[in-house]
Amino acid sequence: MFLSSLSIGWRFVKERKTGSVSIYPFLATFTSSLLWLQYGIFKEDAVLIIVSAVGISTSSLCILAYYHYTKNKSQVKRRVFLLAIFFCSFLVLVRHLTPEIASSILGVTSSFASVCMYAAPLVTVFEVIRTKSTISLSLPLSATSFVNCILWLTYGYVFEDLFIIIPNSLGSLLTGFQLILFMIYGRNVEHEIALIDV
């Protein structure tokens, strides 16, 4: 999933513009990965830690590329600044709680952030329906996100972790809906070739 988002970031670099792509999926992935990293640290779960570190790295690269090529830099700066304030405040709060309470709060917050991450591409759903075009969505990202949700859902069931099961159940539905939009409105092959032709 993270590598699919890198292909979008590479498109920004190649085309020297962000086009109709929203910053929200990258910010949501970054936030979700930061929170899951903290949850993984509290749970001492190496898989969560490693995957979250990769998510932080790839989404950071995409945010940097987006910022470099967007026309609205002040809006991106403002959103990143608000995100930094939220995360720093949240970490200060969590560090002053007992490990059990901190783990629960991190689990709930990480779950919410994951649902937001999977829903983020849907900020353009009205545009997709209005234009009857999926150009603002990425089929590779939607497909890999769906598979990602199924894999994390399985992981959650194996380790009996509701904080992993619940957001990935919802994520499966949200990313499944994105795939349905591709089935209804078709694929924009030229757009996808531009993403793959790197």
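Residues numbered from 1 in each chain as written. Predicted model: local features only at pLDDT ≥ 70, side-chain atom pairs only at ≥ 80, totals over all residues. Heavy atoms only, no water.

Below, the discussion takes up the UniProt feature "transmembrane region" (unreviewed entry) in the protein chain. Those places that UniProt annotates as "transmembrane region" (unreviewed entry) correspond, in this numbering, to residues 21-41, 47-68, 80-98, 104-125, 137-158 and 164-185. Strand forms 0% of residues 21-41 and helix 86%; the C-alpha atoms that close the span are 32 Å apart. This span, residues 104-125, is 77% helix and 0% strand, and a straight line between its end C-alpha atoms measures 32 Å. (UniProt positions renumbered as here; feature names shortened; annotations may be inferred. Helix = DSSP H or I, 4+ residues; strand = E, 2+ residues; numbered from the N terminus.)

Here we take up the nonpolar core. One finds Phe12 and Phe26 to be the most contacted residues of the largest nonpolar core, which totals 32 residues. Elements with a contribution of two residues or more to this core: helix H1 (2-15), helix H2 (24-43), helix H3 (46-69), helix H4 (73-95), helix H5 (99-119) and helix H7 (139-158). Per-element accounting of this core gives the leading share, eight residues, to H2. In this view, Phe12 contacts Lys17, Thr18, Val21, Phe26, Cys62, Ala65, Tyr66 and Tyr69; residues no more than four positions away in its chain are not counted. Counting seven residues, the second largest nonpolar core, distinct from the first, contains Leu122, Leu137, Leu139 and Phe182. (Core = buried A, V, L, I, M, F, W, Y, C linked by side-chain atoms within 4.5 Å. Buried < 20%, exposed > 50% of the residue type's maximum accessible area, 1.4 Å probe, protein only. Contact = heavy atoms within 4.5 Å.)

A separate point is helix H8 (residues 162-185). With 24 residues, H8 extends 35 Å from end C-alpha to end C-alpha; this agrees with the ideal 34 Å at 1.5 Å per step. All buried positions along H8 are accounted for by Ile164, Ile165, Pro167, Asn168, Gly171, Ser172, Thr175, Gly176, Gln178, Leu181 and Phe182. Between the side-chain oxygen of the N-cap and the backbone nitrogen of Phe163 there are 2.9 Å, and the N-cap of H8 in question is Asp161. Phi turns positive one or two residues past the end of H8, at Gly186, with a value near 80 degrees. (Expected span 1.5 Å × (residues − 1). Polar contact = N/O pair within 3.5 Å; in protein donor to acceptor, adjacent residues only side chain to side chain.)

Before going further, it helps to spend a moment on the environment of Ile150. Here Ile150 is to be found in helix H7. What makes Ile150 partly exposed here is its relative accessible area of 35%.

Moving on, we come to H4. Here H4 is 23 residues long and its end C-alpha atoms lie 33 Å apart, about the 33 Å a rise of 1.5 Å per residue gives. Listed in full, the buried residues belonging to H4 are Val76, Leu83, Phe87, Phe90, Leu91 and Val94. Buried residues belonging to H4 abut H2, H3 and H5.

Okay, the pattern of salt bridges next. In the structure shown here, the tally under the stated rule is one salt bridge. For Arg11, the salt bridge is made with Glu15, and the minimal N-O distance between the two is 3.9 Å. Separated by four residues within a single helix, Arg11 and Glu15 lie in helix H1, roughly one turn from each other. For Arg11, a relative accessible area of 4% translates into the label buried. (Salt bridge = Lys/Arg side-chain N within 4 Å of Asp/Glu carboxyl O.)

With that out of the way, let us pick up the environment of Asp161. Of note, Asp161 is situated in the loop between H7 and H8. A residue is classified by how much of its surface remains accessible, and Asp161, at 11% relative accessible area, is buried. A sequence separation of 54 residues divides Asp161 from Gly107, and the C-alpha atoms of the two residues are 9.3 Å apart.

Here we take up the environment of Cys116. Tracing the backbone shows Cys116 in helix H5. Of the residues examined, Cys116 reaches a relative accessible area of 33% and is grouped as partly exposed. Between the C-alpha atoms of Cys116 and Thr29, which are 87 residues apart in sequence, the distance is 8.6 Å.

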